Each structure stands twice: as structure tokens, then as C-alpha cells.
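Next come the chains, spelled out residue by residue.
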Number of protein chains: 2
Amino acid sequence: MIQTPYLLFLGDAPDQLAAKVAQGIRDWRPENAVGQFRLPGCGADVGLTDMTLEQAKAAGAKTLVIGVANRGGIISAAWKEVLVRALQMGFDLASGLHNLLRDEDDLVAAARVAGMTLHDVRIPSVAYPIANGIKRTGKRCLAIGTDCSAGKMYTGLSMDAEMQARGLKTTFRPTGQTGILITGGGVPLDAVIADFMAGAVEYLTPDNDPDHWDHIEGQGSLYHVSYSGVTMALIHGGQPDALILCHEPTRTHMRGLPGYALPTLEALRDTALPLARIANPACQVAGVSINTKALGEDAAKTLLEDTSARLGLPATDPFRFGAAPLVDALVAL
Amino acid sequence: MIQTPYLLFLGDAPDQLAAKVAQGIRDWRPENAVGQFRLPGCGADVGLTDMTLEQAKAAGAKTLVIGVANRGGIISAAWKEVLVRALQMGFDLASGLHNLLRDEDDLVAAARVAGMTLHDVRIPSVAYPIANGIKRTGKRCLAIGTDCSAGKMYTGLSMDAEMQARGLKTTFRPTGQTGILITGGGVPLDAVIADFMAGAVEYLTPDNDPDHWDHIEGQGSLYHVSYSGVTMALIHGGQPDALILCHEPTRTHMRGLPGYALPTLEALRDTALPLARIANPACQVAGVSINTKALGEDAAKTLLEDTSARLGLPATDPFRFGAAPLVDALVAL
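A quick note: this is a predicted structure, and the numbers were derived from the prediction, not measured.

Conventions and cut-offs
- Residues numbered from 1 in each chain as written.
- Chains lettered and ligands numbered in written order.
- Predicted model: local features only at pLDDT ≥ 70, side-chain atom pairs only at ≥ 80, totals over all residues.
- Heavy atoms only, no water.
- Helix = DSSP H or I, 4+ residues; strand = E, 2+ residues; numbered from the N terminus.
- Buried < 20%, exposed > 50% of the residue type's maximum accessible area, 1.4 Å probe, protein only.
- Contact = heavy atoms within 4.5 Å.
- Areas by Shrake-Rupley, 256 points an atom, 1.4 Å probe, with all protein chains shown as cover.
- Lys, Arg positive; Asp, Glu negative; His and termini not counted.
- Charge placed at Lys NZ, Arg CZ, Asp CG, Glu CD.
- Least-squares fit on C-alpha atoms with pLDDT ≥ 70 in both.
- Core = buried A, V, L, I, M, F, W, Y, C linked by side-chain atoms within 4.5 Å.
- Axes fitted to C-alpha atoms, helices over the stretch in contact; angles between N-to-C directions.
- Parallel < 35°, antiparallel > 145°, perpendicular 65-115°, else oblique.
- Left-handed = near helix turned anticlockwise from the far one by under 90°.
- Nonpolar A, V, L, I, M, F, W, Y, C, P; charged D, E, K, R; others polar.
- Arc of directions from axis to C-beta.
- Pairing = 2+ DSSP bridges.
- Salt bridge = Lys/Arg side-chain N within 4 Å of Asp/Glu carboxyl O.

Helix and strand counts for chain A come out as 12 helices and 11 strands. In chain A, which comprises 333 residues, the share counted as buried stands at 57%. Considering only residue pairs separated by 6 or more positions, chain A has 76% of its internal contacts joining residues 24 or more positions apart. On chain A, roughly 12900 Å² of surface is accessible, and the fraction owed to carbon and sulfur atoms is 54%. Here chain A carries 28 positive and 35 negative side-chain charges, and the mean point of each set is 1 Å from the other.

Its rotation angle being 180 degrees, the transformation that places chain B on chain A also includes 0.0 Å of axial translation and leaves an RMSD of 0.0 Å. The relationship between the two copies is best expressed as a two-fold rotation axis. Comparing interface residues between copies, 100% of those in chain B also lie at the interface in chain A; the contact surface is shared.

On to the environment of A127(B), then. Within the element layout of this structure, A127(B) appears in the loop between β5 (118-120) and β6 (139-145). Taking the C-alpha atoms as reference points, A127(B) and A200(B), separated by 73 residues in sequence, lie 8.7 Å from one another.

Among the 8 residues that make up helix α7 (residues 197-204) of chain A, 7 are buried, leaving the element largely enclosed by the rest of the structure. All buried positions along α7(A) are accounted for by M197(A), A198(A), G199(A), A200(A), V201(A), E202(A) and L204(A). Of the surrounding elements, those touching the buried residues of α7(A) are β7 (170-173) and α8 (228-238) of chain A together with α7 (197-204) and α8 (228-238) of chain B.

The next subject is the nonpolar core. Within the largest apolar cluster, 86 residues are counted, with the highest numbers of intra-cluster contacts made by L189(A), L243(A), L189(B) and L243(B). In this structure L243(B) touches L142(B), I144(B), A272(B), L273(B), A276(B), C283(B), Q284(B), V285(B), A286(B) and G287(B), once residues within four positions along its chain are discounted.

So, about the packing of helix α3 (residues 77-88) of chain B against helix α4 (residues 105-114) of chain B. Residue and element names in this part refer to chain B. Look at α3 against α4: their axes get within 8 Å of each other, and the N-to-C directions meet at 15 degrees. Judged by the inter-axis angle, α3 sits roughly parallel to α4. Considering only the axes of α3 and α4, their crossing is right-handed. Between α3 and α4, the residues in contact are K80, L83, V84, L87 and Q88 and D106, L107, A110, A111 and A114, respectively. Residues that form the contact of α3 with α4 fall into these classes: 7 nonpolar, 1 polar and 2 charged.

A cis amide bond, omega -5 degrees, links T4(A) with the succeeding residue P5(A). The phi dihedral of S149(B) is positive, around 50 degrees, even though this residue is not glycine. By relative accessible area, S149(B) is classed as partly exposed at 40%.

Turning our attention to helix α1 (residues 20-28) of chain B. All names here are of chain B. Here α1 has its buried residues at V21, A22, G24, I25 and W28. For α1, the angular spread of buried residues about the axis comes to 160 degrees, placing them on one side. Elements in contact with the buried residues of α1: β1 (6-11), β2 (33-38), β3 (63-66), α5 (152-165), α6 (177-183) and α11 (318-321).

Glancing now at the sheet that holds strand β2 (residues 33-38) of chain A. Residue and element names in this part refer to chain A. The strand order β2-β1-β3-β4-β5 describes an open sheet built from 5 strands, whose pairing is parallel. Looking at the sheet topology across the chains shown, the edges are occupied by β2 and β5 (118-120). Taken pair by pair, the neighbouring strands of this sheet meet at an average axis angle of 20 degrees, ignoring direction. Against the sheet, helix α1 (residues 20-28) touches β1 (6-11), β2 and β3 (63-66), its axis set at about 145 degrees to β1.

On to the pattern of salt bridges, then. Enumeration over the complete set of coordinates arrives at 36 salt bridges over all chains. With its nearest N and O atoms 3.1 Å apart, the salt bridge here joins K301(A) to E297(A). Of this pair, K301(A) and E297(A) both sit in helix α10 (residues 297-311), 4 residues apart, which is roughly one turn of that helix. Residue E54(B) pairs with R85(B) through a salt bridge whose shortest N-O separation is 3.4 Å. Highlighted residues: E54(B) in helix α2 (residues 53-58) and R85(B) in helix α3, separated in sequence by 31 residues. A residue is classified by how much of its surface remains accessible, and R85(B), at 33% relative accessible area, is partly exposed. One network of salt bridges, in which partners are shared, links K80(A), E104(A) and D106(A).

Right, dumping it as C-alpha cells:
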């Protein structure tokens, strides 16, 4: 686990989009961040108080989280100066960058001298077991998509937030680096060795109270040939009681695969449910989550109503209109 | 690639079963082995000429292959003496053991001094790409199982051998350590990082002549919750034109999963074919391979006839009765 609260490092992010990790923390776990740190020329602002390292330290921050993508895969000299100083001042560092903190000799040396920790959340830090398939107590909900990047993480976070607001027992279970940085822990599933994928998901979602729900972050898609194996491991390791079908309605082909059309929501349902029932015969498809960002409000509502009628399932854009219909469906299962 | 021909090291194998890697090489690529090397007390014999290291060297052997499982996961002192001497004499070493040659300091030192190579075939030696899903030329056949260890490797090797005997263009493509040692190359798929599984299978089965068949070694099972993600990556990375359904008829539950019943061959067909058609819309189920080892000859033939009639597909035990019906089906596709 990464120690909270954080100071969010935005560096010299050229624009808001580059700071999406920081924005995710701000949106979903604002209590995890005391402020933001920006370098001259930074074009991003996630709306937290700008702080120096000293101010953040005084405010109780434990970890400096790199909340921004770096340009060209290089940790620049301007970043380095801040990161080394943060280590010297007693901050841990956490990063989801492709190039690793642990591969930077000066950061490793500074962390060793200061006795601080470098968290590279893309790399598993646990020797996960092989999945044993034994039924676990508690309930689990898995978001699956017609495609990658269809809103699965936001769907799970929205449902978790709605359940928290209702005083229900709930945990969001991250399986990718952004989710791990948002919550402070999880499994970087796409970096796990093949034989241990399903076991890593079992490890992530252990026995729990009978009325507790895990919201497992989905990855990939059964229909995305590059990553479908990861999705399959989530379905079998997660033993979901409920599936949420996620869709982005403006895609013209599968992400990164120009020759591949998206499946319909019906096809996804009919493919995924029998596979899920191998691990959990009680599994149900509970609802549909559509990312309507590209649509006007009327068009979005019409699409959601039509989809709900067509599939006989609640349908919402949880980020835009709230996750209440999906949580109602879980509670009613 | 591992250099051939081999000398097969049987060590102090307690029985024939412990030498199954060596037996596989003897059964399927006898031209890859000049002889066998046994220590005092060895209870296995794969029927090759017993040779000293010196005799094998004179016969042209390039690599000493550890063709036996070791006891307790330890490379013993008795083995070490032979392995170090082999390196000093100019043999490479190849092993599929869980404990790695590269983790043994004395072997690493001896290999460095002699300029020889240690092949640990459980560990990927290539940085595989992410799958791109682009249609490749040539034909591919994938064996899939109702369970793990249902005869998928032997099915692929049998079909490859039958096609070779007919003068057809064919390659067996190993995805596990035994297959890799048998042929000298392949992808240890269960040790590949999740994001690169399907890409590793694409790498293993590149563009080829339009009438060339790759026989891809299957792994796991869509119905085995511990490993189904690996199977999924084979189905999407392999883009098979043909699936062979493999089954072991005496199992009472999924291997290592007491709570899980085996699917029927019909269920496997109906689950796997739509998934395979995501990557290759032309994919067909071409036949059934049943491991009848536990059955008498009459019972085996009756089971195969009944299965063939029930599914409307050729059915054989390729190791016992030959792979001709399966190859006929491929040629007719």
C-alpha cells in the first residue's frame, strides 16, 4: 500500500489531459491529496491548493505521486530536482510511468540514503498464487467492455461512491496503474505473469462480509484480441456475482485494431455470461454503463432509455447521471 | 533456438515417468538426439544409445538437454558435476526445470569461462510485441481442451508428423517447456507478461505459405479458471483456421479444481468457436482428439465412433490410432 495523503506532482504537464492520474485522484479520493505541485509552465490544474514540498510536508503529506504522463518517456532534469528533494525531505514517491523510478540511479540512491520507498505501480510487488477457484464469501461486481477504454474504471468508482453514500459495504479493487494510484493499492494485472493472472485477481478480492461488494476494475475486452486473455482472467479469478456491460457509442472500430468491429451489447452479454458462470453459476448481468460524453443531454438520455428497453436492464452514464440505477440493481440481486 | 542434436541427460531419474521430456524428444524428434546419458541408479531408459560426454561430443551433440524432472527442486551435486563438465567440454545446457540453470552460480561461472549458453526454456528470451490482430497468411490449427493435460501437445505433434509423412507443409509451434525442448524453439506462454501473451502467439506463428499449417500447442482450457486467460490469448493471438477439441474421458473433475465439473465436448465447441471467430471469422471446428489410454481397444473405438456420430466430426486418439482423420479434415477445409 502507498501511504496517504499525497502531494500530487503535476510537473510541467502541457495540458489537463496529461494530468489524468491527478485528476482521477482529485475526482475520486480527494481526501487522499493535500495539494498539487506545479512547475513553471504547467498547463494543468486539478483545482487543489498549490503547495511547496515544505507546505505539503507540514500539511501531513506522506507520498509525492507523479500524477502526470512524462514527455518522450524521459524523467527530465527539472522533475529530478524536485523528486530527489522530496525523498530527502521524507516523502515516498509513487509513479505509474512506463519508465520506472527504480531504473533511475539518482532516485534509487536518494531513496536509500533517506530510507524512503519508490513505488512503481506498473510492476507487481507480490508473488501472486495460482488461482484455486474456491468460492469466496462476499459479493463481487466486474465491469466488462465492448472495447478497451470504454469507462470500466469510472463505472466501478462511481458504483463504489454511490454505495458509500448509501452507507453500504463496498470496496473498489483497482487492476491498473491509475486505479492503484487513486486508492493506494491494487494489482497491476497487465504486468502479471500469465500463469498467475487469475490468482492475482483472487488475491485482490478475498473473502469478505456476505453483504460486502467488491467493484473490480475491468481491463481489456473479450472482443479485443490483444488483451482478451487479461479480461478472461478477471472473469474467472473475480468470480463475479454481477457483470456491468460498458460501452462507448462513438467508436468506429476496436481501439488500435482498425479491422475489428465492436460487438453489440447483446453479443457481449451472451459471450461473457456463460464464461462467468463457469466460475460463479449465480452470476447475472446487472446493468449497462454507457459513456455518453460525446452526446448532447437529450441524445444521451434517449440512448440510455432505448438501450435499457432493448436489453431489459438498467442503463446509465454513471459519471454524468449517477450510478444509482446500477447500485439499485446490485442491491436487488 | 537451442542447437541440435542433443545428448539427453536422464540423471538419476527414479522411473520412466520422470523422464517424460526425454521420452517426448525420443518419440517426436529422434533425429534431434544422438544418445542418452544416465547416472548410476537411473530407473529410466528412453531406448537411445548410452553415451559418455566424450562419445556424444564425437557424435556431434551440441547441447546437453536435461530430460528429467529433478527431485525436490534441487539440482544435486551428482548432476552438477556432469553439467559443469559438459559446459567445459563445449556443450550448451538446456532445461525446463522450475529452478533455473541461471540461478546456479557454478553453472553460470562455468558457462562464462567456456563461452557456452544456458537455456532456461521456462523463461521468455524475447521482448514480445502487443498483438496487432492483423490477418496473417498461411493456415493455423489450435488444439483446445475440455481440461488441462488433455493431450493437446501430443495431438499437435501427431498431426504435424502425419502431415510431414504426407509431404505437406507443416510446423509444430510449441508454447510450453516440453514442446520447446522437443523442437528446439517456441514461446513459454505461461511465463509471458499478461499484456504480451497474444502478441507472443502472433510472433510464434508468422506469415507463411498459403498451404502451410502451423500446429499450435494449446495450454490450459477455457473452462479451467486458473489458466483460461492463457487459452484465450492462444485463441485470439493464434487466429486459428481450425480447432481440434481434446478430451480425457476418465476425469471426474477439472485438474486441481475439485469443485469444477468438466464441460461436454459440445459445450467446449459452442464456447470456443464464437470466440475464435472474433479473430478469424473463417475458423471451423475440424475434429476431436480423445486420450483413450485408460480404455481397452474395443471401448476406445466405440467411444470414438459414438463421439464422431454425436458431433458430426472426425474423432480419433491420434497417439493410439493415428492422426489421419484429423489431417484429412484440415486438408478438406
